[in-house]
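# Structural description and commentary
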Amino acid sequence: MVKGPGLYTDIGKKARDLLYKDYQSDHKFTLTTYAANGVAITSSGAKKGELFLADVSTKLINKNITTDVKVDTNSKLFTTITIDEPAPGVKSIFSFVVPDQRSGKVELQYLQEYAGISTSIGLTASPVVNFSGVAGNDTLALGTDVSFDTATGNFTKYNGALSFTTSDLIASLILSDKADTLTASYYHTVSPLTNTAVGAELSHGFSSNENTLTIGTQHSLDPLTTVKARVNNAGIASALLQHEWRPKSLVTISGEVDTRAIDKSVKVGLALALKP
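Quick summary incoming for the structure in this document.

Cut-offs used in this document
- Residues numbered from 1 in each chain as written.
- Predicted model: local features only at pLDDT ≥ 70, side-chain atom pairs only at ≥ 80, totals over all residues.
- Heavy atoms only, no water.
- Pairing = 2+ DSSP bridges.
- Helix = DSSP H or I, 4+ residues; strand = E, 2+ residues; numbered from the N terminus.
- Phe/Tyr/Trp six-rings, centres within 6.5 Å; stacked < 30°, edge-to-face > 60°.
- Lys NZ or Arg CZ within 6 Å of the ring centre and 35° of its normal.
- Buried < 20%, exposed > 50% of the residue type's maximum accessible area, 1.4 Å probe, protein only.
- Contact = heavy atoms within 4.5 Å.
- Arc of directions from axis to C-beta.
- Polar contact = N/O pair within 3.5 Å; in protein donor to acceptor, adjacent residues only side chain to side chain.
- Core = buried A, V, L, I, M, F, W, Y, C linked by side-chain atoms within 4.5 Å.
- Salt bridge = Lys/Arg side-chain N within 4 Å of Asp/Glu carboxyl O.
- Lys, Arg positive; Asp, Glu negative; His and termini not counted.

Turning our eyes to something else, we now look at the pairing of strand β15 (residues 210–222). With nine bridges joining them, strand β14 (residues 196–205) and β15 adopt antiparallel strand pairing. Counted as the bridge partner of Ala 200 is Ile 215 from β15. Both β15 and strand β16 (residues 225–232) contribute to a ladder of eight bridges, which runs antiparallel. Bridging from a neighbouring strand, Asp 222 pairs with Thr 225 of β16. Taking the residues between adjacent antiparallel strands as the criterion, β15 and β16 are bridged by two residues.

To continue, consider the packing of aromatic side chains. Per the stated rule, a full pass over the model turns up two aromatic pairs. Between the NZ or CZ atom of Lys 70 and the centre of the ring of Phe 78, over which it lies, the distance is 5.1 Å. The ring centre of Tyr 23 lies 4.0 Å from the NZ or CZ of Arg 230, which sits over that ring.

With that settled, consider the environment of Leu 53. Structurally, Leu 53 is set in strand β3 (residues 51–62). Relative accessible area serves as the criterion here: at 31%, Leu 53 is assigned to the partly exposed category. Placed 111 residues apart in sequence, Leu 53 and Phe 164 show a C-alpha to C-alpha distance of 40 Å. Beyond its immediate chain neighbours, meaning those up to four positions away, Leu 53 contacts Ser 44, Gly 45, Ala 46, Lys 48 and Thr 73.

Among the residues making up helix α1 (residues 13–20), those that are buried are Ala 15, Leu 18 and Leu 19. Along the long axis of α1, the arc covered by the buried residues comes to 90 degrees, so they all point the same way. In this structure, the buried residues of α1 make contact with β13 (181–191), β14, β15 and β16. One or two residues past the end of α1 sits Asp 22, with phi positive at roughly 75 degrees.

What follows deals with unusual backbone geometry. A cis amide bond links Val 98 to the next residue, Pro 99, at an omega of 15 degrees. With respect to the helices, strands and loops of the structure, Pro 99 is situated in the loop between β6 (90–98) and β7 (105–112). One non-glycine residue, Asp 22, lies in positive phi territory at about 75 degrees. As for its position among the elements, Asp 22 is in the loop between α1 and β1 (27–34). By relative accessible area, which is 34% here, Asp 22 ends up partly exposed. Despite not being glycine, Lys 248 has its phi angle at roughly 70 degrees, a positive value. Locating Lys 248 in the fold gives a position in the loop between β17 (236–246) and β18 (249–258).

Time to look at the environment of Thr 42. With respect to the helices and strands, the residue Thr 42 is situated in strand β2 (residues 40–48). Measuring from C-alpha to C-alpha, the distance between Thr 42 and Lys 70 comes to 9.0 Å, with 28 residues separating the pair along the chain. The contacts of Thr 42, once residues within four sequence positions are left out, are Thr 30, Leu 31, Thr 32, Asp 55, Val 56 and Ser 57. Of note is the side chain of Thr 42, whose polar atom sits 3.1 Å from the side chain of Thr 32.

Residues Tyr 8, Ile 11, Val 134, Ala 141, Ala 161 and Ile 174 constitute the largest nonpolar core, which totals six residues. Ignoring anything within four residues of it in the chain, the contact list for Ile 11 reads Arg 16, Val 134, Ala 161, Leu 162, Ser 163, Ser 172 and Ile 174.

Our focus in this paragraph is the pattern of salt bridges. Summed over the entire model, instances satisfying the criterion amount to three salt bridges. Here Lys 13 ties to Asp 17 by a salt bridge, and the two come within 2.7 Å at their closest N and O atoms. Linking Lys 13 with Asp 17, this pair stays in helix α1, spanning four residues, or about one helical turn. A relative accessible area of 27% places Asp 17 in the partly exposed class. The salt bridge involving Lys 157 is made with Asp 145; its shortest N-O contact spans 3.1 Å. Linking Lys 157 in strand β11 (residues 154–165) with Asp 145 in strand β10 (residues 140–149), this pair joins segments that are twelve residues apart in sequence.

Along the chain, Asp 149 turns up in strand β10. It is Arg 102 that comes nearest to the buried, bridge-free Asp 149 among opposite-charge side chains, at 6.0 Å. Apart from residues no more than four positions distant in its own chain, Asp 149 is found in contact with Ser 126, Pro 127, Val 128, Asn 154 and Thr 156.

A separate point is the pairing of β10. Every second residue of β10 is oriented toward a common face, the buried set being Ala 141, Gly 143, Asp 145, Ser 147 and Asp 149 and the non-buried set Leu 140, Leu 142, Thr 144, Val 146 and Phe 148. Taken together, the nine bridges between strand β9 (residues 128–136) and β10 define a ladder with antiparallel strand orientation. If you follow Ala 135 over to β10, its bridge partner there is Leu 142. Taken together, β9 and the strand that follows it, β10, pair antiparallel across an intervening segment of three residues. Where β10 meets β11, ten bridges bridge the pair, whose relative direction is antiparallel. Among the inter-strand pairings, Phe 148 is bridged to a residue of β11, identified as Phe 155. With antiparallel pairing between neighbouring strands as the criterion, β10 and β11 make up a hairpin whose turn holds four residues, including Gly 153 at a positive phi of roughly 75 degrees.

Right, dumping it as C-alpha coordinates:
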(Lines give C-alpha, C1' and ligand atoms only; values in the text may rest on other atoms or scores of the structure.)
Protein backbone atom coordinates (compact mmCIF):
# COMPACT_ATOMS: atom_id res chain seq x y z
CA MET A 1 0.00 0.00 0.00
CA VAL A 2 1.34 3.43 -1.01
CA LYS A 3 1.98 5.80 1.89
CA GLY A 4 1.32 9.42 1.06
CA PRO A 5 -1.24 12.22 1.26
CA GLY A 6 -4.08 10.06 -0.11
CA LEU A 7 -7.02 11.42 -2.11
CA TYR A 8 -8.88 14.69 -1.60
CA THR A 9 -11.84 12.84 -0.08
CA ASP A 10 -9.53 11.51 2.65
CA ILE A 11 -8.94 15.01 4.05
CA GLY A 12 -11.00 15.38 7.22
CA LYS A 13 -12.48 11.87 6.85
CA LYS A 14 -11.42 10.64 10.30
CA ALA A 15 -13.27 13.48 12.04
CA ARG A 16 -16.34 13.09 9.79
CA ASP A 17 -16.53 9.35 10.51
CA LEU A 18 -16.24 9.96 14.24
CA LEU A 19 -18.96 12.63 14.26
CA TYR A 20 -21.45 11.28 11.69
CA LYS A 21 -20.86 7.65 10.70
CA ASP A 22 -23.44 5.07 11.92
CA TYR A 23 -25.71 7.71 13.51
CA GLN A 24 -29.28 7.36 12.25
CA SER A 25 -32.89 7.72 13.33
CA ASP A 26 -34.27 5.12 10.90
CA HIS A 27 -34.59 1.34 11.07
CA LYS A 28 -32.30 -0.56 8.71
CA PHE A 29 -31.67 -4.24 8.04
CA THR A 30 -28.89 -5.67 5.87
CA LEU A 31 -28.26 -9.33 5.03
CA THR A 32 -25.24 -10.53 3.06
CA THR A 33 -24.91 -14.06 1.69
CA TYR A 34 -22.31 -15.69 -0.54
CA ALA A 35 -22.98 -17.90 -3.56
CA ALA A 36 -20.85 -20.93 -4.38
CA ASN A 37 -18.97 -18.96 -7.08
CA GLY A 38 -17.97 -16.28 -4.56
CA VAL A 39 -20.57 -13.66 -5.51
CA ALA A 40 -21.70 -11.61 -2.50
CA ILE A 41 -25.44 -10.82 -2.47
CA THR A 42 -26.63 -8.09 -0.11
CA SER A 43 -30.27 -7.26 0.58
CA SER A 44 -31.08 -4.04 2.44
CA GLY A 45 -34.27 -2.49 3.75
CA ALA A 46 -34.77 0.82 5.53
CA LYS A 47 -37.84 2.36 7.11
CA LYS A 48 -37.75 6.16 6.98
CA GLY A 49 -40.90 7.40 8.69
CA GLU A 50 -43.78 5.99 6.66
CA LEU A 51 -41.53 5.25 3.68
CA PHE A 52 -39.88 1.86 3.15
CA LEU A 53 -36.87 1.62 0.85
CA ALA A 54 -35.11 -1.56 -0.27
CA ASP A 55 -32.35 -2.64 -2.60
CA VAL A 56 -30.48 -5.76 -3.65
CA SER A 57 -26.81 -5.64 -4.63
CA THR A 58 -24.23 -8.13 -5.82
CA LYS A 59 -20.44 -7.98 -5.75
CA LEU A 60 -18.15 -10.16 -7.85
CA ILE A 61 -14.37 -10.04 -7.47
CA ASN A 62 -12.29 -11.62 -10.24
CA LYS A 63 -8.56 -11.07 -9.78
CA ASN A 64 -8.18 -7.25 -9.78
CA ILE A 65 -11.65 -6.50 -11.20
CA THR A 66 -14.61 -5.82 -8.89
CA THR A 67 -18.14 -5.56 -10.29
CA ASP A 68 -20.92 -4.06 -8.15
CA VAL A 69 -24.55 -4.13 -9.32
CA LYS A 70 -27.47 -2.74 -7.28
CA VAL A 71 -31.22 -2.53 -7.95
CA ASP A 72 -33.43 -0.31 -5.77
CA THR A 73 -37.18 0.08 -5.22
CA ASN A 74 -37.34 2.74 -7.97
CA SER A 75 -36.23 0.11 -10.53
CA LYS A 76 -32.90 1.83 -11.02
CA LEU A 77 -29.87 -0.32 -11.84
CA PHE A 78 -26.54 0.96 -10.48
CA THR A 79 -23.39 -0.62 -11.90
CA THR A 80 -19.79 0.06 -10.91
CA ILE A 81 -16.75 -1.72 -12.35
CA THR A 82 -13.44 -1.14 -10.57
CA ILE A 83 -10.07 -2.23 -11.92
CA ASP A 84 -7.40 -2.14 -9.22
CA GLU A 85 -3.85 -1.38 -10.32
CA PRO A 86 -3.97 -1.86 -14.11
CA ALA A 87 -0.69 0.04 -13.65
CA PRO A 88 1.25 0.69 -10.41
CA GLY A 89 -0.67 3.11 -8.18
CA VAL A 90 -3.61 3.40 -10.60
CA LYS A 91 -7.27 2.52 -10.07
CA SER A 92 -9.92 2.90 -12.80
CA ILE A 93 -13.67 3.07 -12.10
CA PHE A 94 -16.53 2.91 -14.60
CA SER A 95 -20.07 3.55 -13.37
CA PHE A 96 -23.53 4.12 -14.81
CA VAL A 97 -27.19 4.07 -13.79
CA VAL A 98 -30.01 2.60 -15.90
CA PRO A 99 -32.25 4.18 -17.20
CA ASP A 100 -30.38 7.49 -16.67
CA GLN A 101 -28.52 7.93 -19.95
CA ARG A 102 -26.44 10.84 -18.61
CA SER A 103 -25.10 8.94 -15.59
CA GLY A 104 -22.15 7.18 -17.23
CA LYS A 105 -18.78 8.21 -15.80
CA VAL A 106 -15.16 7.11 -16.00
CA GLU A 107 -12.80 7.86 -13.13
CA LEU A 108 -9.06 7.36 -12.76
CA GLN A 109 -7.23 7.48 -9.44
CA TYR A 110 -3.49 7.63 -9.00
CA LEU A 111 -1.64 7.36 -5.69
CA GLN A 112 2.05 7.76 -5.03
CA GLU A 113 4.31 8.84 -2.20
CA TYR A 114 3.87 12.60 -2.64
CA ALA A 115 0.59 12.97 -4.55
CA GLY A 116 -2.93 11.64 -4.90
CA ILE A 117 -4.97 12.43 -8.03
CA SER A 118 -8.53 11.61 -9.03
CA THR A 119 -10.08 12.71 -12.32
CA SER A 120 -13.43 11.82 -13.84
CA ILE A 121 -15.43 12.66 -16.94
CA GLY A 122 -19.07 12.05 -17.78
CA LEU A 123 -19.86 9.90 -20.82
CA THR A 124 -22.04 12.49 -22.58
CA ALA A 125 -21.64 14.88 -25.51
CA SER A 126 -21.09 17.78 -23.09
CA PRO A 127 -19.70 16.14 -19.97
CA VAL A 128 -18.91 17.42 -16.50
CA VAL A 129 -15.18 17.07 -15.85
CA ASN A 130 -13.91 16.74 -12.29
CA PHE A 131 -10.35 16.93 -11.05
CA SER A 132 -9.08 16.61 -7.50
CA GLY A 133 -5.48 16.47 -6.44
CA VAL A 134 -3.47 16.37 -3.23
CA ALA A 135 0.24 17.14 -2.90
CA GLY A 136 2.40 16.56 0.14
CA ASN A 137 3.20 13.58 2.31
CA ASP A 138 1.62 11.62 5.16
CA THR A 139 2.17 14.61 7.50
CA LEU A 140 1.23 17.74 5.56
CA ALA A 141 -1.01 17.84 2.48
CA LEU A 142 -2.61 20.53 0.32
CA GLY A 143 -5.46 19.69 -2.05
CA THR A 144 -7.99 21.07 -4.52
CA ASP A 145 -11.27 19.77 -5.98
CA VAL A 146 -12.67 21.35 -9.17
CA SER A 147 -15.58 20.53 -11.49
CA PHE A 148 -16.18 22.10 -14.92
CA ASP A 149 -19.41 21.81 -16.93
CA THR A 150 -18.48 21.81 -20.62
CA ALA A 151 -22.14 22.42 -21.59
CA THR A 152 -22.32 25.79 -19.84
CA GLY A 153 -18.62 26.62 -19.71
CA ASN A 154 -18.85 27.23 -15.95
CA PHE A 155 -17.06 25.86 -12.94
CA THR A 156 -19.68 24.05 -10.84
CA LYS A 157 -17.32 23.35 -7.96
CA TYR A 158 -14.03 24.71 -6.68
CA ASN A 159 -12.82 23.66 -3.25
CA GLY A 160 -9.52 23.63 -1.41
CA ALA A 161 -8.19 21.85 1.67
CA LEU A 162 -5.21 21.59 4.00
CA SER A 163 -4.42 18.65 6.28
CA PHE A 164 -1.89 18.10 9.07
CA THR A 165 -1.35 14.61 10.50
CA THR A 166 0.75 13.21 13.33
CA SER A 167 0.74 9.82 15.06
CA ASP A 168 -2.24 10.76 17.27
CA LEU A 169 -3.72 13.95 15.77
CA ILE A 170 -5.33 14.95 12.48
CA ALA A 171 -6.33 18.55 11.76
CA SER A 172 -7.84 19.83 8.53
CA LEU A 173 -9.15 23.03 6.98
CA ILE A 174 -11.57 22.80 4.03
CA LEU A 175 -12.94 25.62 1.87
CA SER A 176 -16.05 24.40 0.01
CA ASP A 177 -19.36 25.47 -1.60
CA LYS A 178 -17.52 27.70 -4.07
CA ALA A 179 -15.50 29.30 -1.27
CA ASP A 180 -18.65 30.07 0.76
CA THR A 181 -18.07 27.58 3.61
CA LEU A 182 -14.96 27.17 5.72
CA THR A 183 -14.75 24.00 7.84
CA ALA A 184 -12.08 23.20 10.41
CA SER A 185 -11.96 19.71 11.91
CA TYR A 186 -9.90 17.99 14.57
CA TYR A 187 -9.42 14.31 15.45
CA HIS A 188 -7.31 13.13 18.38
CA THR A 189 -6.55 9.55 19.41
CA VAL A 190 -6.60 9.43 23.21
CA SER A 191 -5.96 5.70 23.65
CA PRO A 192 -5.28 3.30 20.75
CA LEU A 193 -5.83 0.29 23.04
CA THR A 194 -9.47 1.22 23.74
CA ASN A 195 -10.06 3.02 20.43
CA THR A 196 -10.78 6.17 22.43
CA ALA A 197 -10.85 9.36 20.39
CA VAL A 198 -12.29 12.87 20.47
CA GLY A 199 -13.12 15.12 17.54
CA ALA A 200 -14.68 18.43 16.61
CA GLU A 201 -15.87 20.23 13.50
CA LEU A 202 -16.52 23.96 13.15
CA SER A 203 -18.13 25.35 9.98
CA HIS A 204 -18.69 28.99 9.04
CA GLY A 205 -20.92 30.11 6.18
CA PHE A 206 -19.76 33.42 4.76
CA SER A 207 -23.01 34.34 2.97
CA SER A 208 -25.26 33.26 5.87
CA ASN A 209 -22.80 34.33 8.60
CA GLU A 210 -23.79 31.19 10.53
CA ASN A 211 -21.54 28.90 12.54
CA THR A 212 -22.04 25.20 13.26
CA LEU A 213 -20.01 23.39 15.92
CA THR A 214 -20.13 19.65 16.54
CA ILE A 215 -18.01 17.79 19.09
CA GLY A 216 -17.93 14.05 19.72
CA THR A 217 -16.10 11.10 21.19
CA GLN A 218 -15.86 7.31 20.90
CA HIS A 219 -14.68 4.52 23.17
CA SER A 220 -14.54 0.72 22.91
CA LEU A 221 -15.97 -0.98 25.98
CA ASP A 222 -14.42 -4.24 24.77
CA PRO A 223 -13.03 -5.50 21.45
CA LEU A 224 -16.58 -6.06 20.13
CA THR A 225 -18.51 -3.09 21.57
CA THR A 226 -18.13 0.62 20.76
CA VAL A 227 -19.99 3.63 22.14
CA LYS A 228 -20.08 7.08 20.54
CA ALA A 229 -21.61 10.42 21.53
CA ARG A 230 -21.83 13.88 20.00
CA VAL A 231 -23.51 17.26 20.55
CA ASN A 232 -23.77 20.39 18.41
CA ASN A 233 -24.34 24.07 19.12
CA ALA A 234 -28.05 23.68 18.24
CA GLY A 235 -28.43 21.52 21.34
CA ILE A 236 -28.92 18.25 19.46
CA ALA A 237 -27.28 15.41 21.41
CA SER A 238 -26.81 11.91 19.98
CA ALA A 239 -25.36 8.63 21.19
CA LEU A 240 -24.94 5.14 19.79
CA LEU A 241 -23.87 1.69 20.83
CA GLN A 242 -22.50 -0.77 18.26
CA HIS A 243 -21.83 -4.43 19.01
CA GLU A 244 -20.27 -7.08 16.77
CA TRP A 245 -22.21 -10.09 18.04
CA ARG A 246 -20.56 -12.38 15.49
CA PRO A 247 -17.73 -11.78 12.96
CA LYS A 248 -18.71 -8.94 10.59
CA SER A 249 -22.30 -8.91 11.93
CA LEU A 250 -23.20 -5.65 13.68
CA VAL A 251 -26.13 -4.33 15.64
CA THR A 252 -26.25 -0.55 16.15
CA ILE A 253 -28.66 1.33 18.40
CA SER A 254 -28.62 5.13 18.24
CA GLY A 255 -30.65 7.90 19.82
CA GLU A 256 -31.05 11.63 19.35
CA VAL A 257 -32.63 14.27 21.60
CA ASP A 258 -33.11 18.03 21.36
CA THR A 259 -31.80 19.31 24.71
CA ARG A 260 -33.67 22.57 24.18
CA ALA A 261 -36.98 20.71 23.89
CA ILE A 262 -36.75 17.69 26.18
CA ASP A 263 -40.53 17.25 26.03
CA LYS A 264 -40.26 16.16 22.40
CA SER A 265 -39.90 12.43 21.72
CA VAL A 266 -36.44 10.95 21.41
CA LYS A 267 -35.49 9.69 17.94
CA VAL A 268 -34.24 6.11 18.07
CA GLY A 269 -32.51 4.27 15.21
CA LEU A 270 -31.72 0.60 14.82
CA ALA A 271 -29.42 -1.00 12.26
CA LEU A 272 -28.79 -4.73 11.94
CA ALA A 273 -26.16 -6.07 9.53
CA LEU A 274 -25.81 -9.84 9.14
CA LYS A 275 -22.97 -11.66 7.39
CA PRO A 276 -22.31 -15.41 7.43
